[in-house]
Amino acid sequence: TCKGLMQVYEMVHLERMRELGISNIYDPYSNILLGSDILVELFETYGDDTAKVVMMYNGSSNAKARAASGDFTDYCNKVLNRTRELEIIHGKVEE
């Protein structure tokens, strides 16, 4: 079961939690730190392919192939759409 704000699967990331000094995955700061650390690693691995990173983070099956073909999951599309909305609101991109 994924836990906390960043919906992290604790059993997969126990070593990372130890490295970051995280003992309570439900602590908001710790959970965001853990999720962010995972995202940083994914971006370092996959570059700026945000769709692929989002699908990998979400544990989507065949994320690499799906991203390459443009077959994004519903979750990925929601994240990408919300990202664009926030970028428009904050003046990072134009409509």
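### Focus: the layout of surface pockets
Picture a little ball the size of a water molecule; that probe, rolled over the atoms, points out where space is still empty.
Here's step 1: In this model, the largest pocket occupies a volume close to 240 Å³.
Here's step 2: Gln7, Met56, Tyr57, Asn58 and Gly59 are, among the 14 residues lining the largest pocket, the residues nearest its centre.
Here's step 3: Going through the elements one at a time, β2 (8-9), α2 (28-46) and α3 (50-57) are the ones with two or more residues in the lining of the largest pocket.
Here's step 4: Here the lining of the largest pocket is composed, by residue class, of 10 nonpolar, 4 polar and no charged.

### A look at the nonpolar core
Here's step 1: Listed in full, the 9 residues of the largest apolar core are Val8, Met17, Ile22, Ile25, Leu34, Ile38, Leu42, Val53 and Tyr57.
Here's step 2: Those elements giving two or more residues to this core turn out to be α2 and α3.
Here's step 3: With 3 residues, the single largest contributor to this core is α2.
Here's step 4: Residues contacting Val53, with those up to four places away along its chain left out, are Leu39, Leu42, Phe43, Tyr46 and Gly47.
Here's step 5: Of all hydrophobic cores here, the second largest spans 6 residues; its members include Ala51, Met55, Ala63 and Ala67.

### Details of the state of the cysteines
Here's step 1: Across all of its chains, the model carries 0 disulfides by this definition.
Here's step 2: With no disulfide of its own, Cys2 lies closest to Cys76 among cysteine sulfurs, the gap being 16 Å.
Here's step 3: A relative accessible area of 0% means that Cys76 is categorised as buried.

### A word on the confidence of the model for the chain
Here's step 1: On average, residues of the chain carry a pLDDT of 95, and 100% of them reach 70 or more.
Here's step 2: No element of the chain has a lower mean pLDDT than helix α4 (residues 63-69), at 94, and none a higher one than helix α1 (residues 14-20), at 98.

Definitions and cut-offs
- Residues numbered from 1 in each chain as written.
- Predicted model: local features only at pLDDT ≥ 70, side-chain atom pairs only at ≥ 80, totals over all residues.
- Heavy atoms only, no water.
- 1 Å grid on protein atoms, 1.4 Å probe; cavity = no way out; pocket = protein on both sides within 12 Å on 5 of 7 lines; lining within 4 Å.
- Points joined across faces, edges and corners; volume = space filled by probe spheres on them.
- Helix = DSSP H or I, 4+ residues; strand = E, 2+ residues; numbered from the N terminus.
- Nonpolar A, V, L, I, M, F, W, Y, C, P; charged D, E, K, R; others polar.
- Core = buried A, V, L, I, M, F, W, Y, C linked by side-chain atoms within 4.5 Å.
- Buried < 20%, exposed > 50% of the residue type's maximum accessible area, 1.4 Å probe, protein only.
- Contact = heavy atoms within 4.5 Å.
- Disulfide = S-S within 2.5 Å.
- pLDDT = per-residue confidence, 0-100.

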